[in-house]
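Results of the structural survey
Read off the chains here:
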Amino acid sequence: GAGVSQTPSNKVTEKGKYVELRCDPISGHTALYWYRQSLGQGPEFLIYFQGTGAADDSGLPNDRFFAVRPEGSVSTLKIQRTERGDSAVYLCASSIGPGELTQYFGPGTRLLVL
Amino acid sequence: DAKTTQPPSMDCAEGRAANLPCNHSTISGNEYVYWYRQIHSQGPQYIIHGLKNNETNEMASLIITEDRKSSTLILPHATLRDTAVYYCIVRVGSNFGNEKLTFGTGTRLTIIP
């Protein structure tokens, strides 16, 4: 079946602009995660959704970052007033539900802030 | 979640078994050992996980020491497509509200033709 998909695959923007990154989880998966990966590092957790609600947003670096999942399926990660330091690969993952330990990752969105 | 230690890089000849070690000396009784890998320009891919017994699936085997302070991921017949960064992650089992995976820097495995 279809895996986790993310769009766009690449995004180039200018400092100060607003960007939205989209994640389509595996159908039927109620848990959704966002991670950020800088060059040479492992992925770092940003936020976790169970259904429509953000169950854990402790990884969001500051209030410029926000994520939504209004219908419990597709999620959008929103970054306001982008900074060069926001350049990274943004990864989305989903799992069947809470307590299910295996997460399935999408290919990521490569964000470059000039 | 317990901290893990992995060598930064390893090489393995194509067709041989690749043995990737991981130390997790502070692991707790309810924490699982998970392995993911990340091939260049792709998202991480789940490989295998275990609690205390050795596990095997179509991709790999996981050997966990009796004291659970270390483990080894074994790729029995490595191919060039196994070149990737391998992450060992330790985390609790069903623990609602603590679902995140904490990645380290992993082991960069290079398969040599």
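Provided above is the structure to which this section pertains.
Residues numbered from 1 in each chain as written. Chains lettered and ligands numbered in written order. Predicted model: local features only at pLDDT ≥ 70, side-chain atom pairs only at ≥ 80, totals over all residues. Heavy atoms only, no water.

**Thoughts on the side chain of B:Ser61**
Residue and element names in this part refer to chain B. Topologically, serine 61 is positioned in strand 6 (residues 61-64). Overall, the relative accessible area of 17% leaves serine 61 in the buried class. Apart from residues lying up to four places away in sequence, serine 61 is in contact with Ile48, Glu55, Thr56, Thr72, Leu73 and Ile74. (Helix = DSSP H or I, 4+ residues; strand = E, 2+ residues; numbered from the N terminus. Buried < 20%, exposed > 50% of the residue type's maximum accessible area, 1.4 Å probe, protein only. Contact = heavy atoms within 4.5 Å.)

**Description of the packing of aromatic side chains**
For the structure on display, the rule yields 12 aromatic pairs over all chains. With 6.0 Å between their ring centres and 75° between their planes, A:Tyr35 and A:Phe45 make a pair best called edge-to-face. With A:Tyr35 in strand 4 (residues 31-37) and A:Phe45 in strand 5 (residues 44-50), the pair connects residues that are 10 residues apart, well separated along the chain. Note on A:Tyr35: relative accessible area 0%, which makes it buried. Between B:Tyr36 and B:Tyr46, the ring centres sit 5.9 Å apart and the planes meet at 75°, which makes this aromatic pair edge-to-face. Placement of B:Tyr36 in strand 3 (residues 31-38) and of B:Tyr46 in strand 4 (residues 45-50) is noted, with a sequence separation of 10 residues between them. One aromatic cluster in this structure is built from A:Tyr33, A:Tyr35, A:Phe45, A:Tyr48, A:Phe105, B:Tyr34, B:Tyr36, B:Tyr46, B:Tyr87 and B:Phe103. (Phe/Tyr/Trp six-rings, centres within 6.5 Å; stacked < 30°, edge-to-face > 60°.)

**Re the sheet that holds strand 3 (residues 19-24) of chain A**
Residues and elements named next belong to chain A. As summarised here, the arrangement of the 4 strands in space is 1-3-8-7, forming an open sheet in which the pairing is antiparallel. Every interior strand has two partners, whereas the edge strands, strand 1 (5-7) and strand 7 (65-68), have only one. The sheet shows a mean angle of 15° between the axes of neighbouring strands, taken without regard to direction. As paired elements, strand 7 and strand 8 (residues 75-79) share 4 bridges and run antiparallel to each other. Bridge pairing links alanine 67 to leucine 77 in strand 8. (Pairing = 2+ DSSP bridges. Axes fitted to C-alpha atoms, helices over the stretch in contact; angles between N-to-C directions.)

**Quick look at the sheet that holds strand 6 of chain B**
Residue and element names in this part refer to chain B. In space, the 4 strands of this open sheet follow the order 2-7-6-5, with antiparallel pairing throughout. If you trace the sheet from one side to the other, it starts and ends with strand 2 (18-23) and strand 5 (55-56), each paired once. Two strands pair when backbone bridges link them, and strand 2 and strand 7 (residues 70-75) are joined in this way by 6 bridges, in the antiparallel orientation. Each residue of the ladder has a partner; that of leucine 20, found in strand 7, is leucine 73.

**Notes on the interface of chain A and chain B**
Each partner contributes residues to the interface: chain A has 21 residues there, and chain B has 23 residues. Together chain A and chain B conceal approximately 1700 Å² of surface at their shared face, both sides included; 56% is due to carbon and sulfur atoms. Joining chain A to chain B, the criterion identifies 0 salt bridges. Where chain A touches chain B, the interface holds 5 residue pairs in polar contact (both at pLDDT 80 or more). Contributions of two or more residues to the side of chain A that touches chain B are made by strand 4 and strand 5 of chain A. Of the residues forming the side of chain A that touches chain B, the biggest block, 3 residues, is contributed by strand 4 of chain A. Classifying every residue of the side of chain A that touches chain B by side-chain character gives 10 nonpolar, 9 polar and 2 charged. (Buried area = accessible area lost by both parts, 1.4 Å probe. Salt bridge = Lys/Arg side-chain N within 4 Å of Asp/Glu carboxyl O. Polar contact = N/O pair within 3.5 Å; in protein donor to acceptor, adjacent residues only side chain to side chain. Nonpolar A, V, L, I, M, F, W, Y, C, P; charged D, E, K, R; others polar.)

**Quick look at the side chain of A:Thr82**
In this fold, A:Thr82 is placed in the loop between strand 8 and strand 9 (88-95). Its relative accessible area of 1% is what places A:Thr82 among the buried residues.

**Focus on the pairing of strand 11 (residues 109-113) of chain A**
Within a regular strand, side chains alternate between the sheet's two faces. Residue and element names in this part refer to chain A. Of the two faces of strand 11, the one holding Thr109, Leu111 and Val113 is buried and the one holding Arg110 and Leu112 is not buried anywhere. In terms of strand pairing, strand 9 meets strand 11 through 3 bridges, oriented antiparallel. Residue pairing in the sheet places tyrosine 90 in a bridge with threonine 109 of strand 11.

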